[in-house]
2 protein chains.
Amino acid sequence: MSVHKLNIVSLIRKKRDNEELSPDEIKTLISAYAKDQVPDYQMSAMLMAMFINGLNDEESAAFTSAMLYSGEVLDLGSIPGLKVDKHSTGGVGDKISLLLAPVVAACGVPVPMISGRGLGHTGGTLDKLESITGFNVNLDLDRYREVLAKHNLVLIGQTEEIAPADKRLYALRDVTATVESIPLIAGSIMSKKLAEGIDALVLDVKYGSGAFMREKSDAIALAQKLVKIGESFGKRTLAFLTNMEQPLGYKIGNWLEVEESIDGLRGKGPDDIMELTYVLSGAMIYLGGKAASISEGIKLAEQAVSNGDALRKFRDIVEEQGGDTSLIDHPEKYKKPEIVHEVKARDDGYVFSIDAYSVGMAALELGAGRRSKEDRIDPVSGIVLEKKLGDQVKKGETLAFLHTNNTTYLNTAETLFQKAVVIAKDIPKIEPLLNCRIDKDGIHESITQ
Amino acid sequence: MSVHKLNIVSLIRKKRDNEELSPDEIKTLISAYAKDQVPDYQMSAMLMAMFINGLNDEESAAFTSAMLYSGEVLDLGSIPGLKVDKHSTGGVGDKISLLLAPVVAACGVPVPMISGRGLGHTGGTLDKLESITGFNVNLDLDRYREVLAKHNLVLIGQTEEIAPADKRLYALRDVTATVESIPLIAGSIMSKKLAEGIDALVLDVKYGSGAFMREKSDAIALAQKLVKIGESFGKRTLAFLTNMEQPLGYKIGNWLEVEESIDGLRGKGPDDIMELTYVLSGAMIYLGGKAASISEGIKLAEQAVSNGDALRKFRDIVEEQGGDTSLIDHPEKYKKPEIVHEVKARDDGYVFSIDAYSVGMAALELGAGRRSKEDRIDPVSGIVLEKKLGDQVKKGETLAFLHTNNTTYLNTAETLFQKAVVIAKDIPKIEPLLNCRIDKDGIHESITQ
């Protein structure tokens, strides 16, 4: 005990003094913490030292590995083909997983997708899937393999067996102001994704008002760290830097986003949704060995949408996982919110900016999100935008509809939303959605290669 | 609870991002921690952020104040005169408090001294006093005032009422590698000293192998911080930077140090002990308003030793606090150790260096110190040096005697001691014991003014 205590203190001291920790030291620390042999007060001091002094690439890989091997690492070797997944750092209205997973699977690349729930201003893929009546995201790992083998696709939630050290560490980081650290975020993301049994990974790293990373430079640093970690595990890893200056698409809220995804799978989604889906899918199809380039992958993705394969794949997986397929065929039959409140423009001009963070928080107030992990969400609530960046508006014209079943926070939500939307006389300069591509060779301005 | 949690996290975030905490924020944090409203894992993250990013002078004063007012702050207003104490950052063989307290009290300056116990390689004044059979350091605060009023002197241990937040924080710092921070150390020292009800304070800040601060630059920074904090509370504060390259005096160990102190009070102590006693006493007498300068204070201190007043004062306080005064009159009657082991020089030459830290650890192995707070010490054990820095030695000549009642660690102690003493052909360059004086106006090369 005394020796053990001394060891942990000496490890904290090393990181505090900005010295490098060896892979063995990091492994010892994390595995002891996962086994309850290191108290939270020591780990939080270490996390703060890591936060302030950082982790170099070798330390980051060791940290990821320690969290990865704190739990089960799936072996999907029995399933033919290169398994590819995507991870997004999260944004408002980001329903791309719902479109891309069936698109890529329809193109013959197995997609073993383990997703999370929403917290704060961003939604979670799991919550969106669960808005489809009957859809079961809690499959055990045998069933996970079986569904994947059958459909090239499976959509589940994180199980207790996946990276348990990450789960404990994340909870501790949340209450000790040690969340927003690039190596700690990267380790958390990659340990969970690597546990899925993937061969390659595509990352959507977002920056801007609605993203976890407000600054582009931070997003680039995170993308580079993620790629380095992925490659150090022998997994081909491609990251795209994407702009989250306004919500993605027009719909924010769990069922609303499923609805917009179905539109997209029918080839009728908003431009930003379709563009991002095709590029990320194209990259996954390329990494999955079914296309010779990202551009060719994008063409295959477009075909899978236009010929209906992608929508059929989505319908199949909904059916396989117990969801009500009639809602996929007829989304208009979904239960309606009690209140649909119109938000009107207060000025003439152009939509100059939309603060995505505040729009996400407004959706949360309406019932679409969670303040804490224990909160329940209302699948039907959310926001439907009528105007987006650069659109001309007249005073009194509809900016958006707020959907909810609870009037308690409707005023708060409307206030948040009105503050989020700035109308000006000038047309704003709109940045491209996709900023750059980052791989092991560096940063590329060209999105495809 | 949720609001409270958010507040603490936002305070941690501020310090993490190297922003300044307001006095109110620091007060809220420390008082909530003292009331068990902030969990250790949050406080340790904060301590690490404070350790790495530091605290400016205003924050340091607020931190000290928060710890000070977490407990009782004594009011000694009913006792006439300016109350003055001394604090040393601790060293090996540092028994100066035992000499200086009676010297200063004998010169008419009240000395309300609350001391600590030893831990690790340094001894504590309390343990030394308790080696005097019967001496009671556990007086309550009423009795503390009474003894001080009667003798201008009282020597007690820290009570539960004094700066309880510091006690809790120190225990947490000890296991989270956040001890060696200048503002945290300064806050810990000053909160305890200011609680004593003093009007002025003299500080002995040590540097070198046997000191808490190995580097002179760190010791200077600590001294400056201590002076700034003291002055910000309206207490005149003087610091002396002193060299701890070798143990102070010839005797290390609890009773051995009392013995050497009695020699000193008889005017027959080693030169370094006498020099440091006179300078620190002189500064205290000056701050206590009984001398017009430090130099004049030094003269008064020398007189108090030569005319026997200081030794009589020591005898009086031993009697008042229940100690056996026959041991003060006849120290040679003290019980003897079972083993007195001679350590011989292995080479001819000069004592080139003595690593005070290792000598302190050797004394600990013999029974004079504690590895952990629960360890018991043996008052009779310790080390008597026969040679000090610069002394010529012949191979086979006695370097020191190790005193102990337990043979178990005798070999370890001898090995530590032999390693600590380097004998070389050249005479070493010996730094002066007193390096400089630091007050609110800055650093002064002249020790007196």
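These lines cover the structure that appears in this document, whether it is placed above or below. (Residues numbered from 1 in each chain as written. Chains lettered and ligands numbered in written order. Predicted model: local features only at pLDDT ≥ 70, side-chain atom pairs only at ≥ 80, totals over all residues. Heavy atoms only, no water.)

## Overview of the pattern of salt bridges
Two side chains of opposite charge can pair, provided their charged atoms sit close to one another.
Residues and elements named next belong to chain A.
1) Next: By the definition in use, this model includes 64 salt bridges over all chains.
2) Next: Across the pair Arg168 and Asp40 runs a salt bridge, and its minimum N-O distance is 3.4 Å. Placement of Arg168 in helix α8 (residues 164-174) and of Asp40 in helix α3 (residues 40-53) is noted, with a sequence separation of 128 residues between them.
3) Next: Arg168 sits in the partly exposed class, given a relative accessible area of 28%.
4) Next: In this structure, the salt-bridge partner of Lys251 is Glu259, at a minimum N-O distance of 2.9 Å. (Salt bridge = Lys/Arg side-chain N within 4 Å of Asp/Glu carboxyl O. Helix = DSSP H or I, 4+ residues; strand = E, 2+ residues; numbered from the N terminus. Buried < 20%, exposed > 50% of the residue type's maximum accessible area, 1.4 Å probe, protein only.)

## Details of the environment of Tyr69 of chain A
1) Next: Structurally, Tyr69 of chain A is set in the loop between α4 (57-68) and β1 (84-88).
2) Next: By relative accessible area, Tyr69 of chain A is classed as exposed at 55%.

## Here we look at the relation of the copies chain B and chain A
1) Next: If you rotate chain B by 180 degrees and push it 0.1 Å along the axis, it lands on chain A with an RMSD of 0.0 Å. Look at the turn and shift together and you get a two-fold axis relating the two. Taking C-alpha positions as reference, the residue of chain B nearest the rotation axis is Tyr41 of chain B, located at 1.9 Å.
2) Next: Looking at the interface residues of chain B, 100% of them are also at the interface in chain A, so both copies use one shared face. (Least-squares fit on C-alpha atoms with pLDDT ≥ 70 in both. Contact = heavy atoms within 4.5 Å.)

## Regarding unusual backbone geometry
Leaving glycine out, the prevailing phi sign among residues is negative, and the prevailing peptide bond configuration is trans.
1) Next: A positive phi is found at Asn152 of chain A, a non-glycine position, where the angle reads about 60 degrees.
2) Next: Tracing the chain through its elements places Asn152 of chain A in the loop between α7 (141-151) and β3 (153-157).
3) Next: Of note in the backbone geometry, Ala163 of chain B takes a positive phi value of approximately 40 degrees without being a glycine.
4) Next: Among the secondary structure elements, Ala163 of chain B is positioned in the loop between β3 (153-157) and α8 (164-174).
5) Next: Taking relative accessible area as the criterion, Ala163 of chain B reaches 0% and is therefore assigned buried.

## Examining the interface of chain B and chain A
It is common to report an interface's size as the accessible area lost on association of the parts.
1) Next: Counting from both sides, the interface comprises 22 residues of chain B and, opposite them, 22 residues of chain A.
2) Next: Buried area between chain B and chain A, summed over both chains or domains, comes out near 1900 Å², and the portion from carbon and sulfur atoms is 68%.
3) Next: When residues of chain B are sorted by the area they lose upon contact with chain A, Arg16, Tyr41 and Val175 of chain B head the list and together hold 32% of the total.
4) Next: Our count for the contact surface shared by chain B and chain A stands at 4 salt bridges.
5) Next: Across the pair Glu180 of chain B and Arg16 of chain A runs a salt bridge whose closest N-O atoms are separated by 2.9 Å.
6) Next: Inspection of the chain B/chain A interface yields 9 residue pairs in polar contact (both at pLDDT 80 or more).
7) Next: Contributing elements (two or more residues each) for the side of chain B that touches chain A: α1 (2-16), α3 (40-53) and α8 of chain B.
8) Next: Tallied by class, the residues present in the side of chain B that touches chain A amount to 11 nonpolar, 5 polar and 6 charged. (Buried area = accessible area lost by both parts, 1.4 Å probe. Polar contact = N/O pair within 3.5 Å; in protein donor to acceptor, adjacent residues only side chain to side chain. Nonpolar A, V, L, I, M, F, W, Y, C, P; charged D, E, K, R; others polar.)

## Some words on the sheet that holds strand β11 (residues 398-404) of chain A
Residue and element names in this part refer to chain A.
1) Next: With respect to topology, 4 strands assemble into an open sheet ordered β6-β9-β11-β7, the strand pairing being antiparallel. Of all the strands in the sheet, the pair left with one neighbour each is β6 (251-252) and β7 (339-344).
2) Next: Across 2 bridges, the pairing between β6 and strand β9 (residues 382-385) is antiparallel. Bridge pairing in β9 places Lys251 opposite Val384. (Pairing = 2+ DSSP bridges.)

## Topic: the sheet that holds strand β5 (residues 236-243) of chain A
Residue and element names in this part refer to chain A.
1) Next: Ordered in space as β1-β4-β5-β13-β14, the 5 strands form an open sheet in which the pairing is mixed. Strands at the two margins of the open sheet, each flanked by one partner only, are β1 and β14 (442-444). Ignoring which end each strand starts from, the neighbouring axes of this sheet average 20 degrees apart.
2) Next: Judged from the 5 bridges that link them, β1 and strand β4 (residues 200-207) form a sheet pairing that is parallel. Paired with Lys86 across the two strands is Val202, which belongs to β4. (Axes fitted to C-alpha atoms, helices over the stretch in contact; angles between N-to-C directions.)

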